[in-house]
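# Structural features, examined
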Amino acid sequence: MMYDLVIIGGGPAGLTAAIYALRARLNTLVIEKLGVGGQIALSDIIENYPGFPSLSGGDLMKHFEDHARAVGMQTKFTEVLGIDQNGPYKTVRTADGPLETKAVIIATGAEPKRLGFPGEQEFLGKGISTCGTCDGPFYRNKPIAVIGGGDTAVKESIYLSRLASKVYHIHRRDRFRAEKILQERLLARENVEILWRSSVEAALGDDSGVTGIRVKNADSGEARDIKVDGIFVFIGITPSTGFVECDKDPQGFIITGADMTTSNPGIFAAGDCRDTPLRQVSTAVGDGAIAAAKAEEYISEMEGRAYPSAPK
Ligand code: FAD
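Overview of the structure. (Residues numbered from 1 in each chain as written. Predicted model: local features only at pLDDT ≥ 70, side-chain atom pairs only at ≥ 80, totals over all residues. Heavy atoms only, no water.)

Evaluated as defined, the whole model comprises six aromatic pairs. With a centroid separation of 4.7 Å and an interplanar angle of 50°, the aromatic rings of Phe 176 and Trp 196 are classed as tilted. Residue Phe 176 is located in the loop between β10 (166-170) and α5 (180-187), and its partner Trp 196 is located in the loop between β11 (192-195) and β12 (198-206); the two are separated by 20 residues in the primary sequence. By relative accessible area, Phe 176 is classed as buried at 6%. Note on Trp 196: relative accessible area 31%, which makes it partly exposed. Ring geometry for Phe 232 versus Phe 234: centroids 6.3 Å apart, planes at 20°, classification stacked. Summarising the burial analysis for this pair, Phe 232 and Phe 234 share the class buried. Positioned above the aromatic ring of Phe 253 is the side chain of Arg 279, whose terminal nitrogen or guanidinium carbon lies 3.7 Å from the ring centre. (Phe/Tyr/Trp six-rings, centres within 6.5 Å; stacked < 30°, edge-to-face > 60°. Helix = DSSP H or I, 4+ residues; strand = E, 2+ residues; numbered from the N terminus. Buried < 20%, exposed > 50% of the residue type's maximum accessible area, 1.4 Å probe, protein only. Lys NZ or Arg CZ within 6 Å of the ring centre and 35° of its normal.)

A word on the sheet that holds strand β15 (residues 230-233). Spatially, β8-β15-β9-β10-β11 is the arrangement adopted by the five strands of the open sheet, whose pairing is parallel. Two strands in the sheet have a free side with no partner beyond their single neighbour: β8 (128-129) and β11. Taken together, the four bridges between strand β9 (residues 143-147) and β15 define a ladder with parallel strand orientation. Looking at the pairing, Val 146 lines up with Phe 232 of β15. Together, β9, β10, β11 and β15 form the strand contacts of helix α4 (residues 151-161), whose direction differs from that of β10 by roughly 165°. (Pairing = 2+ DSSP bridges. Contact = heavy atoms within 4.5 Å. Axes fitted to C-alpha atoms, helices over the stretch in contact; angles between N-to-C directions.)

Attention now goes to the environment of Arg 172. Tracing the backbone shows Arg 172 in the loop between β10 and α5. Sequence separation of Arg 172 and Tyr 3 is 169 residues, and the distance between their C-alpha atoms is 48 Å. When near neighbours in sequence (up to four residues on either side) are disregarded, Arg 172 contacts Arg 197 and Ser 198.

Our next topic: the pattern of salt bridges. The full count for this structure, using the stated rule, is 15 salt bridges. Taking the shortest distance from any N to any O, the salt bridge between Arg 69 and Glu 65 comes out at 3.1 Å. Taken together, the residues Arg 69 and Glu 65, both in helix α2 (residues 57-70) and four residues apart, mark about one turn of the helix. In this structure, Arg 93 engages Asp 84 in a salt bridge whose closest nitrogen and oxygen atoms are separated by 2.9 Å. On the basis of relative accessibility, which here comes to 36%, the residue Arg 93 falls in the partly exposed class. Accessibility expressed as a relative area gives 32% for Asp 84, which makes it partly exposed. One network of salt bridges, with partners in common, ties together Asp 4, Lys 102 and Glu 303. (Salt bridge = Lys/Arg side-chain N within 4 Å of Asp/Glu carboxyl O.)

Glancing now at α2. The α-helix advances 3.6 residues per turn, and as a result positions three or four apart in sequence lie on the same side. Over its 14 residues, α2 extends 20 Å from the first C-alpha to the last, a length consistent with the 20 Å expected when each residue adds 1.5 Å. Within α2 the residues assigned to the buried category are Gly 57, Leu 60, Met 61, Phe 64, Glu 65 and Ala 68. For α2, the buried positions fall inside an angular range of 135° around the axis, keeping them on one side. On the buried face of α2, the contacting elements are α1 (12-23) and α6 (281-302). (Expected span 1.5 Å × (residues − 1). Arc of directions from axis to C-beta.)

Counting 35 residues, the largest nonpolar core has Leu 5, Leu 60, Phe 64, Ile 105 and Val 281 as the members making the most contacts within it. For this core, the elements supplying multiple residues, two or more each, are β1 (2-8), α1, α2, β6 (97-106) and α6. Ranked by residue count, the leading element in this core is α6, at eight residues. (Core = buried A, V, L, I, M, F, W, Y, C linked by side-chain atoms within 4.5 Å.)

Attention shifts here to the sheet that holds β12. Read from one edge to the other, the open sheet built from three strands follows the order β12-β13-β14, with strand pairing classed as antiparallel. Only two strands of the sheet have a single partner each, and these edge strands are β12 and β14 (223-227). Shown here is a sheet whose adjacent strand axes are inclined to one another by a mean of 25°, direction ignored. In the sheet, strand β13 (residues 209-217) pairs with β14 via five bridges, with the strands oriented antiparallel. Across the sheet, the residue bridging to Arg 214 is Asp 225, located in β14.

A few words now on the side chain of Asp 4. By the element assignment, Asp 4 lies in strand β1. Within the local environment of Asp 4, its side chain forms a polar contact with the backbone nitrogen of Asn 27, the two atoms lying 2.7 Å apart. Other than its neighbours up to four places away in sequence, Asp 4 contacts Arg 25, Leu 26, Asn 27, Thr 101, Lys 102, Ala 103 and Ile 299. (Polar contact = N/O pair within 3.5 Å; in protein donor to acceptor, adjacent residues only side chain to side chain.)

Relative orientation of the contacting elements α4 and α5 amounts to 35°, with a least axis distance of 9 Å. As α4 packs across α5, the resulting crossing turns out to be left-handed. Two secondary-structure elements touch here, α4 through Asp 151, Val 154, Lys 155, Ser 157 and Ile 158 and α5 through Leu 182, Gln 183, Arg 185 and Leu 186. Among the residues making up the contact of α4 with α5, the classes are represented as four nonpolar, two polar and three charged. (Left-handed = near helix turned anticlockwise from the far one by under 90°. Nonpolar A, V, L, I, M, F, W, Y, C, P; charged D, E, K, R; others polar.)

Shown next as structure tokens:
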């Protein structure tokens, strides 16, 4: 079977692209390796998606999924391993076999970065986490450390401070990059201690998991061991783009035009996986809509039809 469009990734960018593509009557398949919703589905709360002043990421993405299903979204749950050119078409290689399509939208987002300190890999899943909503409840009334200075780190720290007895928030600079409103909320939390200009030297632990963290202050040069039961690392993301061949920036984010085209004709990219100045649900949504419209145009041109379709 030949699809018009295969969308890789079922997060905000992929689901928006699916809604636009299906309404354009493209025979569309969404491939997702985990669950529909993407990374925001794991977030406790989202307060900056227009129209929804405050709801959980899971609830927001349920609205997206319901909408996409209502216009006929088909999904296949498998991992995409590569994309090959097959004449004018593309072969999408998946863990469950190949699929043929005329065009592809990459909407695979990104995964949390690691800091690389001793013990980080060893205790991952045993006291070290990159998801507050997933793992925060395990640290109810226990001391924890949070690392990072961006929106996600500060937001997650606020959330975790409602569960943990104490949060040591470790940041290598002397100010946060996060939105001011988030900073104000974090600084107002009584059980949060900010360790400015500090970096993690090591996670400390034993067979039971994390028991502490060694933190070094850049000004004094002194290292200090702090007793914590959990360490949450929020220091940015790495794009999930290793399987696709096209131009990328040094971090691996796919380089696109404003029309979401990549250097590989017929392959479009949308959302967190591309080189974009802001990685949020609202920007992923806009990217997904543009990518679907441009994919439709590409397919129409490939098939030698005028675009938009001439009236009958
Ligand atoms: P993603 O949501 O990452 O979705 C990509 C999907 O592709 C995933 O489901 C993944 O499983 C799938 N995938 C990846 N590789 C493959 C493959 N090879 N084969 C098949 N499937 C694959 N944004 C906001 O606007 N407001 C917030 O308050 C906010 N809070 C956040 C809190 C946290 C903790 C995090 C982590 C992020 C937050 N964000 C927030 C950012 C937001 O989640 C992202 O900008 C948004 O999810 C990007 O959407 P996307 O569709 O590009 O990618």
